[in-house]
Number of protein chains: 2
Amino acid sequence: MDDTHIGPNAIAAESIRCIVKLGGAAITCKNELEMINEDNLQTVSSQLRQAMIMGSCSNKVVGMDWSKRPGVSDISCTVGDFGDQAQLNVDFSEFIVVHGAGSFGHFQASKSGVHKGGLNQPLVKAGFVATRISVTNLNLEIVRALAREGIPSIGMSPFSSGWSTSNRNVASADLAGVAKALHSGFIPVLHGDAVLDNKLGCTILSGDVIIRHLAEHLKPEYVVFLTDVYGVYDCPPTEPNAVLLREIAVDEDGSWSVVNPEVENRNKQEYHSNLKSIVTLSKGLFFLRHHQHQVEITVAAHDTTGGMETKITEAAMIAKLGIDVYIVKAATSHSLRALSGELRHSIPADWLGTVIRFSRRDG
Amino acid sequence: MDDTHIGPNAIAAESIRCIVKLGGAAITCKNELEMINEDNLQTVSSQLRQAMIMGSCSNKVVGMDWSKRPGVSDISCTVGDFGDQAQLNVDFSEFIVVHGAGSFGHFQASKSGVHKGGLNQPLVKAGFVATRISVTNLNLEIVRALAREGIPSIGMSPFSSGWSTSNRNVASADLAGVAKALHSGFIPVLHGDAVLDNKLGCTILSGDVIIRHLAEHLKPEYVVFLTDVYGVYDCPPTEPNAVLLREIAVDEDGSWSVVNPEVENRNKQEYHSNLKSIVTLSKGLFFLRHHQHQVEITVAAHDTTGGMETKITEAAMIAKLGIDVYIVKAATSHSLRALSGELRHSIPADWLGTVIRFSRRDG
């Protein structure tokens, strides 16, 4: 199976509305091993539901997680609520959810070096198994949280769905399966995963790389990265004078510029050389321009899932496809606005986040 | 993706040793919702390990589940044990594990009627999501139990792996992905699952049907069904005079006979008409002979995952491929002998279980 490029027939005319990344840092407690940030996950799930059913008249939540939960005495099967099925026929617009690992999987991957390959070593093989256990556990919990909000979510673990890499570049992926799930009315939920690599033996495929690949082939209207900070800053956001970059434009030729806040001309050179994140972005685009086929080699080279560096590089490459990318803090009023798509027309002054978008030179 | 028939290149010359079905009734507490039979599962995992590493000199178990467990304070990461990696290089022979649902998934599937299709109904769609949550939860727990025994197990959920049906017959399945996982040294763990059906919308694909499909295309040396009874009886095994059928021969033309215990000639007709299970078996084979393409239509028509009727029909069809099938009680000395392959040469008199095998008319 090597269907990274699927024909137009595999995807219905109807376009996919949005691909959402649930950042690991936003939905897990990053410093506590395998601990979900339940409050954030619940709010994110509820916001996703609101965004998905916009325009639908039914607000009734039909829970779809009918399994036992620790600490909850009864299972919550709402079959009795299905009396008038017509009322419950909520149309969910086509979203794909991809989540990171946060405090799941990282420990197992970094202890064993799964991202560096070498599946013939017992430690790496054990780490591969352990990593997949941890990330599929998180995937199940996220699918359940979404299902409790009435979202018809379906876990589609990349390893099982035929995702594999060649020197960390996506080599195969069952995109037709994702499209088929979507068109059957489900919300596919993918995640960063340990996968086979035909050069290295194995590696970690980050959620960010998955998102770019999906965006390239399934052409969503927009992409939202939910994270634990308000967006992309000019220096680490913990620094007191960090400036949130509200809008970054990516040009046809791969050059980019910070559109908002505007930078005074005389300081431009100096300003840019101080932009830590943007230096990364620039490097990514430089690679994109000159070595189109090598750009992914830099991905996930120094940590197991990429971090902010990968996120911005991937986001810029998505924007170059003409797809708006919003990087926004999860579980805030700003994330709900981004998910709902209202930013597509104009960015309100009171919206906090970073938009990365494509701008034609003559635009 | 429609690769139910994969070319010989997709499968390495080295053949697959065994496909094992972990029956839902054997590994879960059938009468308690979503409750695993921990003792049985642990024994089954340990027996699987013994069977898989036969001939290997290392007996050291390297646990591969490094995740938190409820009620266990520490995660058991044995990275420190990887000092001398050479010693840990255990070769696992090629096994595929497929498990049933038992007390997972049944409730959700039967409440909503997922097996009957009709994905446009809100109740069915919700049940589809709820069923997948329940069975993937069980899959994760089984993968973890196997990993704790040092088996490099990898969950491959059928829905995500591109399994789908057409009027309940398998229409597509990523067998190349299963083969790739095997040849990378992993033990794929599949399960009965809710899948899309291109005629009905959706249905339940039972673990037994999965096993037959895998056996047909991957040609294992033998197949073991681990269940909660000693094998196939001539009437329900709860009845005091139930006779265990120790060996059933399936002929080239689809006819069958009970080879052991031998039936005296004069009672043969009467005996056979009293064989409840065998009437089923006969019906299955009758269909096989006269309506080759319709046989699967009868599968899972009256319950969501088939039960003993499906199991025997499927087992007989596997035997017709020339692959020995052992139906045996899980977590007993008999199951260990079946898993280890020692029955392939001859069936010891003290072994309890049912062998279904192919016998050429001239054999």
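Residues numbered from 1 in each chain as written. Chains lettered and ligands numbered in written order. Predicted model: local features only at pLDDT ≥ 70, side-chain atom pairs only at ≥ 80, totals over all residues. Heavy atoms only, no water.

**Description of the overall build of chain A**
Here is step 1 of the chain: Scanning chain A from terminus to terminus reveals 10 helices and 15 strands.
Here is step 2 of the chain: Residue pairs in contact within chain A that sit at least 24 positions apart in sequence constitute 74% of those at least 6 positions apart.
Here is step 3 of the chain: Summing over all exposed atoms, chain A offers an accessible surface of approximately 14,300 Å²; the carbon and sulfur share of this is 48%. (Helix = DSSP H or I, 4+ residues; strand = E, 2+ residues; numbered from the N terminus. Contact = heavy atoms within 4.5 Å. Areas by Shrake-Rupley, 256 points an atom, 1.4 Å probe, with all protein chains shown as cover.)

**A closer look at the relation of the copies chain B and chain A**
Here is step 1 of the chain: When chain B is fitted onto chain A, the two copies agree to an RMSD of 0.0 Å after a turn of 180 degrees and an axial shift of 0.0 Å. Overall, the copies show the geometry of a two-fold rotation axis. No C-alpha of chain B approaches the rotation axis more nearly than that of Ser161 of chain B, which lies at 2.4 Å.
Here is step 2 of the chain: Of the residues that chain B buries at the interface, 100% are likewise interface residues in chain A, meaning the two copies contact each other through the same surface. (Least-squares fit on C-alpha atoms with pLDDT ≥ 70 in both.)

**Considerations on the sheet that holds strand β14 (residues 324-329) of chain A**
Residue and element names in this part refer to chain A.
Here is step 1 of the chain: The mixed open sheet is built from 9 strands, whose spatial order is β3-β6-β2-β1-β9-β14-β15-β12-β13. Every other strand in the sheet has two partners, leaving β3 (153-155) and β13 (256-260) as the edge strands with one partner each. Strand-to-strand twist of the sheet, defined as the mean angle between neighbouring strand axes without regard to direction, takes the value 20 degrees.
Here is step 2 of the chain: Judged from the 3 bridges that link them, strand β2 (residues 95-99) and strand β6 (residues 187-191) form a sheet pairing that is parallel. Paired with Val97 across the bridge in β6 is Val189. (Pairing = 2+ DSSP bridges. Axes fitted to C-alpha atoms, helices over the stretch in contact; angles between N-to-C directions.)

**What about the side chain of Arg144 of chain A?**
Here is step 1 of the chain: Following the sequence through the fold, Arg144 of chain A ends up in helix α4 (residues 122-148).
Here is step 2 of the chain: When its relative accessible area of 4% is taken as the criterion, Arg144 of chain A is described as buried.
Here is step 3 of the chain: Within the local environment of Arg144 of chain A, its side chain forms a polar contact with the side chain of Asp65 of chain A, the two groups lying 2.8 Å apart.
Here is step 4 of the chain: If we ignore the near neighbours within four places in the chain, the residues touching Arg144 of chain A are Asp65, Ser67, Lys68 and Arg69 of chain A together with Ile133 and Asn137 of chain B. (Buried < 20%, exposed > 50% of the residue type's maximum accessible area, 1.4 Å probe, protein only. Polar contact = N/O pair within 3.5 Å; in protein donor to acceptor, adjacent residues only side chain to side chain.)

**A short note on empty space enclosed by the protein**
Here is step 1 of the chain: Inspection of the entire model under this criterion finds 5 cavities of 30 Å³ or more.
Here is step 2 of the chain: Estimates place the volume of the largest cavity at around 320 Å³.
Here is step 3 of the chain: Elements represented by at least two residues in the lining of the largest cavity include exactly α4 and β3 of chain A together with α4 (122-148) and β3 (153-155) of chain B. (1 Å grid on protein atoms, 1.4 Å probe; cavity = no way out; pocket = protein on both sides within 12 Å on 5 of 7 lines; lining within 4 Å. Points joined across faces, edges and corners; volume = space filled by probe spheres on them.)

**Quick notes on the pairing of strand β2 (residues 95-99) of chain B**
Residue and element names in this part refer to chain B.
Here is step 1 of the chain: Burial analysis of β2 places 5 of its 5 residues in the buried class, which makes it a mostly covered element.
Here is step 2 of the chain: Residues Phe95, Val97 and His99 line one face of β2 and the alternating positions Ile96 and Val98 line the opposite face, and both faces are buried.
Here is step 3 of the chain: By the bridge criterion, 5 bridges tie strand β1 (residues 18-22) to β2 in an arrangement that is parallel. For Lys21, the partnering residue across the bridge sits in β2 and is Val98.

**A closer look at the layout of surface pockets**
Here is step 1 of the chain: Put simply, the largest pocket is a space of about 1,100 Å³.
Here is step 2 of the chain: Taken together, 30 residues line the largest pocket, and the ones lying closest to its centre are Pro70 and Glu141 of chain A together with Pro70, Asn137 and Glu141 of chain B.
Here is step 3 of the chain: Of all the secondary-structure elements, those providing two or more residues to the lining of the largest pocket are α2 (38-52) and α4 of chain A together with α2 (38-52) and α4 of chain B.
Here is step 4 of the chain: It is α4 of chain A that contributes the most residues to the lining of the largest pocket, 6 residues altogether.
Here is step 5 of the chain: The residue makeup of the lining of the largest pocket, split by class, is 14 nonpolar, 2 polar and 14 charged. (Nonpolar A, V, L, I, M, F, W, Y, C, P; charged D, E, K, R; others polar.)

**Regarding the environment of Tyr222 of chain A**
Residues and elements named next belong to chain A.
Here is step 1 of the chain: Position of Tyr222 among the secondary structure elements: in strand β9 (residues 222-227).
Here is step 2 of the chain: The buried category is assigned to Tyr222, whose relative accessible area is 1%.
Here is step 3 of the chain: Between the C-alpha atom of Tyr222 and that of Ile16, which follows or precedes it by 206 residues, the distance is 8.9 Å.
Here is step 4 of the chain: The contact partners of Tyr222, leaving out residues within four places of it in the chain, are Arg17, Cys18, Ile19, Phe95, Ile323, Asp324, Tyr326, Ala338, Leu339, Ser340, Gly341 and Arg344.

**Some thoughts on the packing of aromatic side chains**
Here is step 1 of the chain: Taken as a whole and judged by the stated rule, the model has 8 aromatic pairs over all chains.
Here is step 2 of the chain: Seen from their ring centres, Tyr222 of chain B and Tyr326 of chain B are 6.0 Å apart, and the 55 degrees between their planes marks the pair as tilted. Here the residue Tyr222 of chain B occupies a position in strand β9 (residues 222-227), and Tyr326 of chain B occupies one in strand β14 (residues 324-329), the gap between them amounting to 104 residues.
Here is step 3 of the chain: Tyr326 of chain B sits in the buried class, given a relative accessible area of 0%.
Here is step 4 of the chain: Three or more aromatic residues link up through ring pairs in this structure, and these residues are Phe128 and Phe159 of chain A together with Phe186 of chain B. (Phe/Tyr/Trp six-rings, centres within 6.5 Å; stacked < 30°, edge-to-face > 60°.)

**Comments concerning the interface of chain B and chain A**
Here is step 1 of the chain: The partner chain A presents 57 residues to the 57 residues of chain B that form the contact.
Here is step 2 of the chain: Buried surface at the junction of chain B and chain A, summed over both partners, amounts to about 4,900 Å²; 69% is from carbon and sulfur atoms.
Here is step 3 of the chain: If you sort the residues of chain B by the area they bury against chain A, Trp66, Pro122 and Ile133 of chain B come out on top, with a joint share of 13%.
Here is step 4 of the chain: Where chain B meets chain A, there are 0 salt bridges.
Here is step 5 of the chain: Remark: the boundary between chain B and chain A carries 18 residue pairs in polar contact (both at pLDDT 80 or more). (Buried area = accessible area lost by both parts, 1.4 Å probe. Salt bridge = Lys/Arg side-chain N within 4 Å of Asp/Glu carboxyl O.)

**Here we look at the pairing of strand β8 (residues 201-205) of chain B**
Residue and element names in this part refer to chain B.
Here is step 1 of the chain: The buried fraction of β8 is high, at 4 of 5 residues.
Here is step 2 of the chain: Of the pairings in the sheet, the one linking strand β7 (residues 193-197) to β8 comprises 5 bridges and is antiparallel in character. Along β8, the bridge assignment pairs Leu196 with Cys202.
Here is step 3 of the chain: Hairpin remark: β7 followed by β8, antiparallel, with 3 residues in the connecting loop.

**Structural notes on the packing of α4 of chain A against α4 of chain B**
Here is step 1 of the chain: Interaxial distance between α4 of chain A and α4 of chain B falls to 10 Å at its minimum, and their mutual angle equals 160 degrees. Relative to α4 of chain B, the element α4 of chain A lies roughly antiparallel. Considering how the two elements wind past one another, α4 of chain A and α4 of chain B form a crossing that is left-handed. Counting all contacts with α4 of chain A, which are made through Val129, Ile133, Thr136, Asn137, Leu140, Val143, Arg144 and Ala147 of chain A, the residues of α4 of chain B involved are Val129, Ile133, Thr136, Asn137, Leu140, Val143, Arg144 and Ala147 of chain B.
Here is step 2 of the chain: Class assignment for the residues of the contact of α4 of chain A with α4 of chain B results in 10 nonpolar, 4 polar and 2 charged. (Parallel < 35°, antiparallel > 145°, perpendicular 65-115°, else oblique. Left-handed = near helix turned anticlockwise from the far one by under 90°.)

**Overview of the environment of Ser184 of chain B**
Here is step 1 of the chain: Secondary-structure assignment places Ser184 of chain B in the loop between α5 (175-183) and β6 (187-191).
Here is step 2 of the chain: Among the residues examined, Ser184 of chain B registers a relative accessible area of 23% and is labelled partly exposed.
Here is step 3 of the chain: Contact partners of Ser184 of chain B, with chain neighbours within four places excluded, come to Leu119, Lys125 and Leu196 of chain A.
Here is step 4 of the chain: Side-chain polar atoms of Ser184 of chain B contact the backbone oxygen of Lys180 of chain B, separated by 2.8 Å.

**Here's the deal with α2 of chain B**
Here is step 1 of the chain: Between its terminal C-alpha atoms α2 of chain B stretches 21 Å, which fits the 21 Å expected from 15 residues at 1.5 Å a residue.
Here is step 2 of the chain: What α2 of chain B keeps buried is the set Leu41, Val44, Ser45, Gln47, Leu48, Arg49, Ala51 and Met52 of chain B. (Expected span 1.5 Å × (residues − 1).)

**Section: the pattern of salt bridges**
Residues and elements named next belong to chain A.
Here is step 1 of the chain: Going through the model one piece at a time under the given rule, you end up with 22 salt bridges over all chains.
Here is step 2 of the chain: Residue Glu221 is joined to Arg344 by a salt bridge in which the shortest nitrogen-to-oxygen separation is 3.2 Å. Placement of the pair is Glu221 in the loop between α6 (207-218) and β9 and Arg344 in the loop between α10 (333-340) and β15 (354-359), with a sequence separation of 123 residues.
Here is step 3 of the chain: A relative accessible area of 30% places Glu221 in the partly exposed class.

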